Amino acid sequence: MLVMAVCTLYFLVPIWWLFVGASKSSDQFTSTNPLWFADFDLFANIGDLIAYRDGVFLRWMLNSLLYTGGAALLGTVLAAMCGYALAKYRFRGRELLFNVVLSGVLVPATALALPLFLLFSKVDATNTFWAVFLPSLVNPFGVYLARIYATASVPDELLEAARIDGSGEIRTFFKVATRLMFPALVTIFLFHFVAVWNNFLLPLIMLSDERLFPVTLGLYTWNTQVNQIPELRGLVIIGALLSITPLVVAFLLLQRFWRNGLGAGAVK
Amino acid sequence: MTQTLTADIDKPVEAPTGRARAVRHGRAVPFFVVPFGVLFIVFYLLPIGYAIVQSLYTVERTGTFGPAREVFGGFTQYERVFSDGPFWTSIGRVLGFGVVQVPVMLGLALLLALLLDSGLVKGRRFFRLAFFVPYAVPGVIAAIMWGFLYSPNLSPLKPVTSAIDFLSADLVLWAMANVVTWVYVGYNMLIIYSALLAIPAEVYEAARIDGAGPWRIAWSIKIPLVMPAIVLTTVFSIIGTLQLLAEPQVFRSFSSAVSSTYTPNLTVYSTSSIPNFNLAAAFSVVLALATFVLSFAFLKFTSRKGVQ
């Protein structure tokens, strides 16, 4: 129990500190107890953050949502389709496809960032939304998980029954299989979301226009300027708090999915 | 539709094995596989191939200010990579980092998972969530937060941070190890914990009848049974360690001890912003290959030992 308490402190105190820090004015930030509130200025601070440079921060948040939410949503559907086909059909090149995709899991996303930049510059498409969005769609680990989940949760007999009822293969997938795989799909979505959210090198290499930045890259650039522009420090802290809030809330709401789904990849 | 119907009428006649059934409905396969396959080829395989091609070229100039042109240089770039001292120092650095940080992180994750599973602790749901929350913090943001926490002036741990300089050349690597550990323990714990939950209760029943105590059960039953989960988390951790980028990149603004070639990926990034894309591509290829070989070797090693 003591171990648990110490660990809880270790994991939560930095976040508590961030929350408290974000609620303070900049002189109170250094002069008052870092772990307890002074005057509660959180909303005024958020107002300042949003007003700074014509709301560039909101733009970053929106970009992040589009990059990560969009890529994870579409990427999950694509991975589910491919994984489902690998699990439920036998076709030529199936093993080859699976092995290539599986090797893809071991190739880290950061290793691809530079060659992707070189490729996109060939077609003059660096520094665009698509340069970050399109590569983020591909998630080999999602295919691997989808295959395991499809094998486990979609019985062949049910597919056969759907066929007898005259349902086409594609319709069966969207109407029957996706429902059975739904908890698993949420897990794949979450994994994918976090992976894109955390991929820092790709936008760092690809983007130079500030208005295209995801929030991580934006806060990073502010943080590098803190020594020249001290007022940015407060904004970085409030921005950090706001940037982690959506994902923390998503984790809370989707608890029952990741709680049970996470292990499946490891069991097999 | 008609074809599907006739196919189904045939069914009872043939042996309804999975193979026979599946082949007949194979026409839908391209619909499922092609969208992912195309993206995978264009944004995964093609960049890998292109990086390899690029790494075989060098830029030549006629005179100092003459126009640059790319010529085939064979392994010229790789010779540079292999004779690049700082790059290999950085590889050594992340390997040292991994040898210490990965076991600590996974050991802690395993311990917490076993504690959660043991029934000794109340409030399991709360702890599970509390430990998992840092995973929602992106590496960059986590590094910024801890950068502030380490700084001697702003930290809530002022007595500690003013006595020990976590951002000094000696300690900054381990300060980053702490950031990585903080983010990923909960995630790894959850993977191991889910594997523990999947162990059927009868196994414990039998062990208890044989007279095994809780320690014995944890050591001889639980840990071996969750080994596949531990192997998986180890592989991901090895990959993550070699790719270390966001944390050192952020720490450069907190500590002068972090150079632009501190980790292999930082080298790739700073080489590409010179810009020397051919050399950066060669660095990328070597790094990706090293990562692949290391994680693959680990998988082979553990499966030979009969873990998986």
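As the structure is a computational prediction, the values presented were derived from the model and not from experiment. (Residues numbered from 1 in each chain as written. Chains lettered and ligands numbered in written order. Predicted model: local features only at pLDDT ≥ 70, side-chain atom pairs only at ≥ 80, totals over all residues. Heavy atoms only, no water.)

**Re the overall build of chain B**
Here comes step 1: What chain B contains, in helices and strands, is 15 helices and two strands.
Here comes step 2: Residue burial in chain B is summarised as follows: out of 308 residues, 52% are buried.
Here comes step 3: Partitioning the intrachain contacts of chain B with sequence separation of at least 6 by distance along the chain shows that 65% fall at a separation of at least 24.
Here comes step 4: Accessible area for chain B stands at about 14,400 Å²; split by element, carbon and sulfur atoms hold 67% of it. (Helix = DSSP H or I, 4+ residues; strand = E, 2+ residues; numbered from the N terminus. Buried < 20%, exposed > 50% of the residue type's maximum accessible area, 1.4 Å probe, protein only. Contact = heavy atoms within 4.5 Å. Areas by Shrake-Rupley, 256 points an atom, 1.4 Å probe, with all protein chains shown as cover.)

**Describing the overall build of chain A**
Here comes step 1: Looking only at helices and strands, one finds 16 helices and zero strands in chain A.
Here comes step 2: Across its three principal axes, chain A shows a C-alpha extent of roughly 70 × 55 × 30 Å.
Here comes step 3: Considering only contacts in chain A between residues 6 or more positions apart, those separated by 24 or more positions represent 71%.
Here comes step 4: Element-wise, carbon and sulfur atoms account for 65% of the exposed surface of chain A, whose accessible area totals about 11,200 Å².
Here comes step 5: Computed over 18 positive and 15 negative side-chain charges, the inter-centroid distance for chain A is 11 Å. (Lys, Arg positive; Asp, Glu negative; His and termini not counted. Charge placed at Lys NZ, Arg CZ, Asp CG, Glu CD.)

**What to know about the UniProt feature "transmembrane region" (unreviewed entry) in chain A**
Residues and elements named next belong to chain A.
Here comes step 1: Taking the numbering used here, the UniProt-annotated feature "transmembrane region" (unreviewed entry) corresponds to residues 65-87, 96-117, 129-150, 180-200 and 232-254.
Here comes step 2: With 100% helix and 0% strand, residues 65-87 has its two end C-alpha atoms placed 31 Å apart.
Here comes step 3: Annotation note: span residues 232-254, helix share 96%, strand share 0%, distance between end C-alpha atoms 34 Å. (UniProt positions renumbered as here; feature names shortened; annotations may be inferred.)

**A word on the UniProt feature "domain: ABC transmembrane type-1" (unreviewed entry) in chain A**
Here comes step 1: As annotated by UniProt and renumbered to match this structure, "domain: ABC transmembrane type-1" (unreviewed entry) occupies residues 61-254 of chain A.
Here comes step 2: The span residues 61-254 of chain A carries 79% helix and 0% strand; its end-to-end C-alpha distance comes to 21 Å.

**Focus: unusual backbone geometry**
When glycine is set aside, most residues are seen to have a negative phi, and most peptide bonds are trans.
Here comes step 1: With omega at 0°, the peptide bond leading from B:Ile274 into B:Pro275 counts as cis.
Here comes step 2: Of note, B:Pro275 is situated in the loop between α14 (264-272) and α15 (277-304).
Here comes step 3: With a phi close to 60°, A:Asn127 is a non-glycine residue in the positive phi region.
Here comes step 4: With respect to the secondary-structure elements, A:Asn127 resides in the loop between α6 (109-122) and α7 (129-136).

**Comments concerning the nonpolar core**
Here comes step 1: Counting 189 residues, the largest nonpolar core has A:Tyr84, A:Met206, A:Trp222, B:Phe32, B:Phe131, B:Trp182 and B:Phe251 as its most contacted members.
Here comes step 2: Top element by residues in this core is helix α9 (residues 172-197) of chain B. It accounts for 18 residues.
Here comes step 3: There are two domains that each give this core at least three residues, and those are domain 1 (2-48) and domain 2 (78-304) of chain B.
Here comes step 4: Leave out the neighbours within four places in its chain, and A:Trp222 touches A:Leu49, A:Tyr52, A:Arg53, A:Val56, A:Phe57, A:Trp60, A:Leu232, A:Leu235 and A:Val236. (Core = buried A, V, L, I, M, F, W, Y, C linked by side-chain atoms within 4.5 Å. Domains from an automatic or database assignment.)

**Quick word on the environment of B:Leu114**
Residue and element names in this part refer to chain B.
Here comes step 1: Looking at the element boundaries, leucine 114 is found in helix α5 (residues 85-118).
Here comes step 2: Separated by 82 residues in sequence, leucine 114 and leucine 196 place their C-alpha atoms 7.9 Å apart.
Here comes step 3: Discounting chain neighbours no more than four positions away, the residues touching leucine 114 are Leu196, Ala218, Lys222 and Ile223.

**Here we look at the UniProt feature "transmembrane region" (unreviewed entry) in chain B**
All names here are of chain B.
Here comes step 1: Here, UniProt's "transmembrane region" (unreviewed entry) annotation points to residues 29-53, 94-117, 129-151, 171-199, 225-246 and 279-299.
Here comes step 2: Summarising residues 129-151: 70% helix, 0% strand, and an end-to-end C-alpha distance of 28 Å.
Here comes step 3: Annotated as 90% helix and 0% strand, the span residues 171-199 places its first and last C-alpha atoms 41 Å apart.

**Some words on the interface of chain B and chain A**
Interface size is often expressed as the accessible area that is lost when the parts come together.
Here comes step 1: Counting from both sides, the interface comprises 98 residues of chain B and, opposite them, 94 residues of chain A.
Here comes step 2: Interface of chain B and chain A: buried area, both sides summed, is about 8,900 Å²; carbon and sulfur atoms make up 80% of it.
Here comes step 3: For the pair chain B and chain A, the number of links is six residue pairs in polar contact (both at pLDDT 80 or more).
Here comes step 4: Here the side of chain B that touches chain A is built from residues that sort into 74 nonpolar, 16 polar and eight charged. (Buried area = accessible area lost by both parts, 1.4 Å probe. Polar contact = N/O pair within 3.5 Å; in protein donor to acceptor, adjacent residues only side chain to side chain. Nonpolar A, V, L, I, M, F, W, Y, C, P; charged D, E, K, R; others polar.)

**A short note on the domain arrangement of chain B**
Here comes step 1: Domains assigned within chain B are domain 1 (2-48) and domain 2 (78-304).
Here comes step 2: In this structure, domain 1 of chain B and domain 2 of chain B have C-alpha centres spaced 39 Å apart.

**Comments concerning the side chain of B:Thr302**
Residue and element names in this part refer to chain B.
Here comes step 1: Within the secondary structure, threonine 302 is located in helix α15.
Here comes step 2: Its relative accessible area of 8% is what places threonine 302 among the buried residues.
Here comes step 3: Of note is the side chain of threonine 302, whose polar atom sits 3.0 Å from the backbone oxygen of leucine 299.

**Description of the confidence of the model for chain B**
Residue and element names in this part refer to chain B.
Here comes step 1: Chain-level pLDDT for chain B is 83 on average; 89% of the residues reach the 70-or-more range.
Here comes step 2: Mean pLDDT in chain B bottoms out at helix α1 (residues 2-10), which sits at 37, and peaks at α5, which reaches 93.
Here comes step 3: Throughout residues 1-23 the model reports pLDDT below 50, and contacts reaching past four residues in sequence, or to other chains, amount to 22 contacts. (pLDDT = per-residue confidence, 0-100.)

**Quick word on the pattern of salt bridges**
Residue and element names in this part refer to chain B.
Here comes step 1: Under the counting rule described, the total for this entry stands at eight salt bridges over all chains.
Here comes step 2: Ionic pairing is found between aspartate 117 and lysine 222, a salt bridge with its closest N-O pair at 3.1 Å. Of this pair, aspartate 117 sits in helix α5 while lysine 222 sits in helix α11 (residues 214-225); the two residues are 105 residues apart in sequence, bridging distant segments of the chain. An identical accessibility class is assigned to aspartate 117 and lysine 222; each is buried.
Here comes step 3: Between glutamate 205 and arginine 208 there is a salt bridge; the shortest N-O distance is 4.0 Å. Taken as a pair, glutamate 205 and arginine 208 lie in helix α10 (residues 201-209) at a separation of three residues, close to a single helical turn.
Here comes step 4: Here glutamate 205 falls in the partly exposed class, since its relative accessible area comes to 47%. (Salt bridge = Lys/Arg side-chain N within 4 Å of Asp/Glu carboxyl O.)

**As for a nonpolar patch on the surface**
Here comes step 1: Taken together, the side chains of A:Leu96, A:Val100, B:Val34, B:Val38, B:Ile41, B:Val42, B:Leu45 and B:Leu46 define a hydrophobic patch exposed on the protein surface, amounting to about 650 Å² of accessible area.
Here comes step 2: Within the residue set of the nonpolar patch, elements represented by two or more residues are α5 (94-106) of chain A together with α3 (29-55) of chain B.
Here comes step 3: At six residues, the largest contribution of residues to the nonpolar patch is made by α3(B).
Here comes step 4: If you trace the backbone, B:Ile41 turns up in helix α3. (Patch = residues over 30% accessible without salt bridge, like charges linked within 9 Å, V, L, I, M, F, W, Y side chains within 5 Å.)

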